[in-house]
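These are the residues of each chain, in order.
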Amino acid sequence: MSLTVIAQRMGITSFQRLVTGLVLSTLLVGCSSTKSSDVRVVDRNNAVAQRPAVTTGQYVVRPKDTLFSIAFRYGWDYKALAARNNIPTPYTIHPGQTIRFDGRTGSTPTAVVSPADSAPSSSSKTTVIRRQPNGATTTTTVVAPSVANKPAPAPMPPAGPAPTGWGWPSNGILIGKFSSNGSLNKGIDIAGDLGQPVLAASDGTVVYAGSGLRGYGELVIIKHSDTYVSAYGHNRRLLVREGQQVKVGQTIAEMGSTGTDRVKLHFEIRRQGKPVDPLQFLPRR
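Residues numbered from 1 in each chain as written. Predicted model: local features only at pLDDT ≥ 70, side-chain atom pairs only at ≥ 80, totals over all residues. Heavy atoms only, no water.

1. Considering the overall build of the protein chain
Spelled out, the test is: Helix numbers and strand numbers start at the N terminus; a helix is a DSSP run of H or I with at least 4 residues, a strand a run of E with at least 2. Think of it in three bands: residues with accessible area under 20% of the maximum for their type are buried, residues over 50% are exposed, and the middle band is partly exposed, with areas taken using a 1.4 Å probe on protein chains only. Any pair of residues with heavy atoms lying within 4.5 Å of one another is described as a contacting pair. Only the protein chains shown count as cover for residues, and all accessible areas are computed by the Shrake-Rupley method using a 1.4 Å probe.
A tally of regular secondary structure across the protein chain gives four helices and 15 strands. The buried share of the protein chain, reckoned over its 285 residues, is 37%. At a minimum sequence separation of 6, the contacts of the protein chain that also span at least 24 residues come to 58%. When the accessible surface of the protein chain is split by element, carbon and sulfur atoms take 55% of a total near 16700 Å².

The following block contains the structure:
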């Protein structure tokens, strides 16, 4: 049946509506069939969230902790954290040892009753009770500086040059990119197969190999210089030990899914303890 006959039977207005509907349907089908191969898939499941460096409180060392792992966990440069706690090289720590983030010492009295003067001022009086071994107590009034007069934090050591010759830590599709807004990913995520080799991204020394950092699974941390370290998380099996020297491209672990919900490698580069975008260092591919 010709369009002319259809138009005569339906009437001009109805025919125009029919044609308009057919045109719109064709446009919608064309839009829905557009290729999506250029769209990058970003996996944010279980992405390790960024946190600012902890500058208050303290941490009690547990078995298998290292100064490097503590610094990594709480966003510190390991040298700055060592300086704050008067820990000399080779930065040996022991279970039960207190690592402070606020610069105070362990001799500060702990039984603070109440401030004698709550009005804001350049200093405040505080009543402190000290308990003696024989059970007796002594009361002392001390003058503590206000928050504005607290000593400045230990200065960060100057940044050194970045290592040269960075290489990709594994083959696979990039499924998670670095985010600098402090709430998403502090590295990149690379998809792969279970047991796939994980490679050292640059020459360095293994300073941590274990599963003590929540959210990273089986983790390897490599120190490349006094400024840069790299981290490799969610491995199935670790093939290096702490203190071992590694070369760029050397297999250090097998890819896995520990600490996450799929097989992938989480890779980070940190400069003086702060996460930086690994894609700024890795070669284009």
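2. Some thoughts on the nonpolar core
Convention followed: To define a nonpolar core, start from buried Ala, Val, Leu, Ile, Met, Phe, Trp, Tyr and Cys residues and group those joined through side-chain atoms within 4.5 Å.
Formed by 26 residues in total, the largest nonpolar core has its most connected members in I70, L81, I99, F101, L219 and I221. Elements with a contribution of two residues or more to this core: helix 3 (67–73), helix 4 (78–84), strand 9 (204–210), strand 10 (218–223) and strand 11 (228–238). Here this core takes five residues from helix 3, the largest share from any one element. Of all hydrophobic cores here, the second largest spans 24 residues; its members include W166, W168, I222 and Y232.

3. Regarding the pairing of strand 13 (residues 251–255)
For a regular strand, side chains alternate in direction, first toward one face of the sheet and then toward the other. Inclusion rule: When DSSP finds at least two bridges between two strands, those strands are taken to pair.
Burial analysis of strand 13 places four of its five residues in the buried class, which makes it a mostly covered element. Strand direction decides the pairing type here: strand 11 and strand 13, joined by three bridges, are antiparallel. Opposite R237, over in strand 13, you have E254 as the bridge partner.

4. Some words on the confidence of the model for the protein chain
Put simply, the rule is: Each residue carries a pLDDT score, the predictor's confidence in it, ranging from 0 to 100.
Overall, the prediction assigns the protein chain a mean pLDDT of 76, with 60% of residues at 70 or greater. When the criterion is pLDDT under 50, residues 142–154 qualifies, and its contacts beyond four places in sequence or with other chains add up to 17 contacts.

5. Quick word on empty space enclosed by the protein
Our working rule: Definitions used throughout: a 1 Å grid over protein atoms alone; a cavity as a set of points that fits a 1.4 Å probe which cannot get out; a pocket as an open set with protein on both sides within 12 Å along at least five of seven lines; a lining residue as one with an atom within 4 Å of a point. Grid points are joined across faces, edges and corners, and a volume is the space filled by probe spheres set on the points. In this classification, the charged set is Asp, Glu, Lys and Arg, the nonpolar set is Ala, Val, Leu, Ile, Met, Phe, Trp, Tyr, Cys and Pro, and all remaining amino acids, among them Gly, are polar.
Overall, the coordinates contain one cavity of 30 Å³ or more when judged by the stated rule. There is about 120 Å³ of room inside the largest cavity. Lining the largest cavity are 13 residues, with F68, W76, Y78, V229 and G273 positioned closest to its centre. With three residues, the top contributor of residues to the lining of the largest cavity is helix 3. Its residues assigned to classes, the lining of the largest cavity comprises eight nonpolar, three polar and two charged.

6. Focus: the pairing of strand 14 (residues 264–271)
Among the eight residues in strand 14, seven count as buried, and that is most of the element. Pairing between strand 7 (residues 188–191) and strand 14: four bridges, direction antiparallel. Considered in strand 14, the bridge of I188 is made with F267. Relative to strand 14, strand 11 runs antiparallel, the two sharing six bridges. Its bridge partner lying in strand 14, Y228 is registered against R271. Here strand 14 pairs with strand 15 (residues 274–276) via three bridges, running antiparallel. Its bridge partner being in strand 15, I269 is matched across the sheet by V276. The antiparallel hairpin formed by strand 14 and strand 15 contains two residues in its connecting segment, where Q272 sits at a positive phi of about 50°.

7. Considering the packing of aromatic side chains
We apply this condition: A pair of Phe, Tyr and Trp rings is counted when the ring centres sit within 6.5 Å of each other, with Trp represented by its six-membered ring. The angle between the planes then sorts it: under 30 degrees is stacked, over 60 is edge-to-face, the rest tilted. Working rule: Lys NZ or Arg CZ, within 6 Å of ring centre, within 35 degrees of ring normal, means a charge sits over the ring.
Taken as a whole and judged by the stated rule, the model has 10 aromatic pairs. Here Y74 and F101 contribute two aromatic rings whose centre-to-centre distance is 5.1 Å and whose plane-to-plane angle is 50°, an arrangement assigned as tilted. Of this pair, Y74 sits in the loop between helix 3 and helix 4 while F101 is found in the loop between strand 2 (98–100) and strand 3 (112–115), placing the two residues 27 residues apart along the sequence. Both residues of the pair, Y74 and F101, belong to the buried class. Three or more aromatic residues joined by ring pairs make a cluster, and in this case those are Y59, Y74, W76 and F101. Positioned over the ring face of F72 is R270, at 3.7 Å from the centre of the ring. For the cation-ring pair, R285 lies above W168, with the distance from its terminal atom to the ring centre recorded as 3.7 Å.

8. Section: the environment of H94
Take H94: it is sitting in the loop between helix 4 and strand 2. Separated by 31 residues in sequence, H94 and P63 have C-alpha atoms that sit 7.6 Å apart.

9. Observations concerning the environment of R270
The test is simple: Each polar contact in these results corresponds to two N or O atoms within 3.5 Å; when the atoms are within protein, one needs to be able to donate a hydrogen and the other to accept it, and residues that are neighboring in sequence are counted only if both atoms are side-chain atoms.
Relative to the helices and strands, R270 is located in strand 14. Considered as a pair, R270 and A231 are 39 residues apart in the sequence and their alpha carbons are 8.3 Å apart. Sequence-distant contacts of R270, defined by excluding residues within four places in its chain, comprise F72, G75, K186, Y216, T227, Y228, V229 and P275. Here the side chain of R270 touches F72 through a polar contact of 2.7 Å, landing on its backbone oxygen.

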